[in-house]
Amino acid sequence: MARAISFPITFPGLWGEDFGHFEETPSTQYLRVLLWDDYNKGTLLDEWTDDYTALTFTTQLHGGFGRCQMRIPMPLDRIWLYLNRENSPGRHFSHLEILEDQTTVWEGRLMVLGFDPSGVELSLTVEASGYWGSTRDQLYDSADAGNTNWTSGSSHFADEIIKEMLTGECPDINSDQANIDAPGLELAGIDLTARDYPQNIIASKIPMTSDGTDQWHFAIWDDRKPYFKARSSATLHWTTFTTELGRGSMLQQDAYALRNNILPVNDGTEGTAAADATRRTNVPIRSLAISIQKGIPSAAQNEERDRALAEKKDPEQSQRFVISGRVWSTKDEGAFIGRPLWRVRAGETIRISDLVPATVAAPAFDALRTFFIMDTSYDAINNNLTIVPDRPATDLTKLISRTVAVEPDK
């Protein structure tokens, strides 16, 4: 069956005004699904573009490309090509690409392969993991030969730690590290001698801030290239409207998780707590102790404490939006261009323009209309996109605990 989606490119009215209907030639977009022997793409093993009967894929932060699940009808003899058995290595860790023309929409490695042996429906079921999962292939210890002793000397920063781990222990990640930015927060003294996966160190042991007010994220995107960037609302990537939302969307604010007094704890030693200076008189003091990685200097410890306070001092907004209609690209000045839902990724900014009355023109995170995208899940069969906007994790010892494990912890 053909995998195509056609849609007219229109400009909807805002607040009921008729801005007109700017009709263009309807565009038809296709998703191509290709399987290669590895990421070097020496041998094309299969193409599932016209074959799949189920396809969903996700993006997330931390991480980048998350998980992909597919179902592909095929005869039993072909199914056995994918499974490991006597005289056959199977096709685990093969490179899966989902493309729009030549543009990467999702990529990762085959991890779980199976089928229903009852014969009711002969289909290969596939689960693939983005290359963020490869940061759990090998273990890192700063005491290993050739690695840096971060506990001594000075001028040790998060970006340097990440680069060293990727270079030494993550061979599946692209060696191009040009997109790893430098927070500039001194981490000299941090103890990373407990052998651990780079993924765990990034997600739970390195402060994700530069000055206590910003939030940083790590991701692996197209061509397995690593990114380490501060969250930013400088660009409004996407705009949609409540008329484009589907059933299952929900917005609520939860004060159970509100914590307005944060105490950092470094290797069992309590630091100095910080409280919300703007707390309303009818809001009680609600405290939270957060674990700081052993050896982190006091200045960085306090910056991480302040970042946590900024994330936790207001009622936690728990929501998700299911877009069953359209989104418009607004990343370029003056642009308002209809695009396929599958282009929307974690790490971008989206505005639901008519969710509440407009109060600001700039794409600030007002937590009501404009959101930093934390997770996406696209269903290619139903053509709908589920978005989870940015909200802090309840457990601040891990940045976003629910998104850390692209692969199960086995």
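Going by the structure above, here's the rest.
Residues numbered from 1 in each chain as written. Predicted model: local features only at pLDDT ≥ 70, side-chain atom pairs only at ≥ 80, totals over all residues. Heavy atoms only, no water.

Draft legend 1. Highlighting helix α4 (residues 298-312). Here α4 spans 21 Å end to end across 15 residues, near enough to the 21 Å set by a 1.5 Å rise per residue. Residues Ala300, Gln301, Glu304, Arg305, Arg307, Ala308, Leu309, Glu311 and Lys312 constitute the buried set of α4. (Helix = DSSP H or I, 4+ residues; strand = E, 2+ residues; numbered from the N terminus. Expected span 1.5 Å × (residues − 1). Buried < 20%, exposed > 50% of the residue type's maximum accessible area, 1.4 Å probe, protein only.)

Draft legend 2. Examining the nonpolar core more closely. Formed by 45 residues in total, the largest nonpolar core has its most connected members in Trp48, Phe57, Met70 and Leu96. By residue number, the principal contributor to this core is strand β22 (residues 370-379), which donates five residues. When near neighbours in sequence (up to four residues on either side) are disregarded, Leu96 contacts Val33, Leu34, Leu35, Trp48, Cys68, Met70, Trp106, Glu107, Gly108, Leu110 and Ala128. In this structure, Trp132, Tyr140, Ile161 and Phe218 belong to the second largest nonpolar core, which totals 32 residues. (Core = buried A, V, L, I, M, F, W, Y, C linked by side-chain atoms within 4.5 Å. Contact = heavy atoms within 4.5 Å.)

Draft legend 3. Molecular detail of unusual backbone geometry. Note that the residue after Leu61, namely His62, is joined by a cis bond; omega there is -10°. Mapping His62 onto the fold places it in the loop between β5 (54-60) and β6 (63-73). The phi angle at Ser155 is positive, at roughly 55°, despite the residue not being glycine. Positionally, Ser155 belongs in the loop between β9 (123-129) and α2 (158-169).

Draft legend 4. How the structure looks around the environment of Thr148. Mapping Thr148 onto the fold places it in the loop between β9 and α2. Once the C-alpha coordinates of Thr148 and Ile161 are considered, the two residues, 13 residues apart in sequence, prove to be 8.4 Å apart. Residues contacting Thr148, with those up to four places away along its chain left out, are Tyr140, Ser142, His156 and Glu164. Looking at Thr148, its side chain comes within polar contact range of the side chain of Glu164, at 2.6 Å. (Polar contact = N/O pair within 3.5 Å; in protein donor to acceptor, adjacent residues only side chain to side chain.)

Draft legend 5. Expanded view of the side chain of His95. Along the chain, His95 turns up in strand β7 (residues 95-100). Given the relative accessible area of 2%, His95 is considered buried. Here Glu97 takes part through its side chain, which lies 3.2 Å from a polar atom of the side chain of His95. Of note is the side chain of His95, whose polar atom sits 2.8 Å from the side chain of Tyr131. Those residues in contact with His95, other than ones at most four positions away along the chain, are Leu34, Leu35, Trp36, Asp37, Asp38, Tyr39, Lys41, Glu107, Gly108 and Tyr131.

Draft legend 6. Here's a closer look at the packing of aromatic side chains. Across all of its chains, the model carries 13 aromatic pairs by this definition. Pairing Phe241 with Trp328 gives two aromatic rings, centres 5.7 Å apart and planes at 75°, and the pair type is edge-to-face. Placement of Phe241 in the loop between β12 (238-240) and β13 (250-254) and of Trp328 in strand β19 (residues 327-329) is noted, with a sequence separation of 87 residues between them. Grouped by ring-pair contacts, the aromatic residues Phe57, Trp342 and Tyr378 constitute a single cluster. (Phe/Tyr/Trp six-rings, centres within 6.5 Å; stacked < 30°, edge-to-face > 60°.)

Draft legend 7. Highlighting the layout of surface pockets. Estimated volume of the largest pocket: approximately 700 Å³. For the lining of the largest pocket, the secondary-structure elements that each account for two or more residues are β8 (103-114), β10 (216-220), β11 (226-230) and β20 (337-339). Within the lining of the largest pocket, the residues separate by chemical class into 13 nonpolar, eight polar and 10 charged. (1 Å grid on protein atoms, 1.4 Å probe; cavity = no way out; pocket = protein on both sides within 12 Å on 5 of 7 lines; lining within 4 Å. Points joined across faces, edges and corners; volume = space filled by probe spheres on them. Nonpolar A, V, L, I, M, F, W, Y, C, P; charged D, E, K, R; others polar.)

Draft legend 8. Broad picture of the side chain of Ser329. Within the element layout of this structure, Ser329 appears in strand β19. Among the residues examined, Ser329 registers a relative accessible area of 8% and is labelled buried. Other than its neighbours up to four places away in sequence, Ser329 contacts His237, Trp238, Ala335, Phe336, Ile337 and Arg339.

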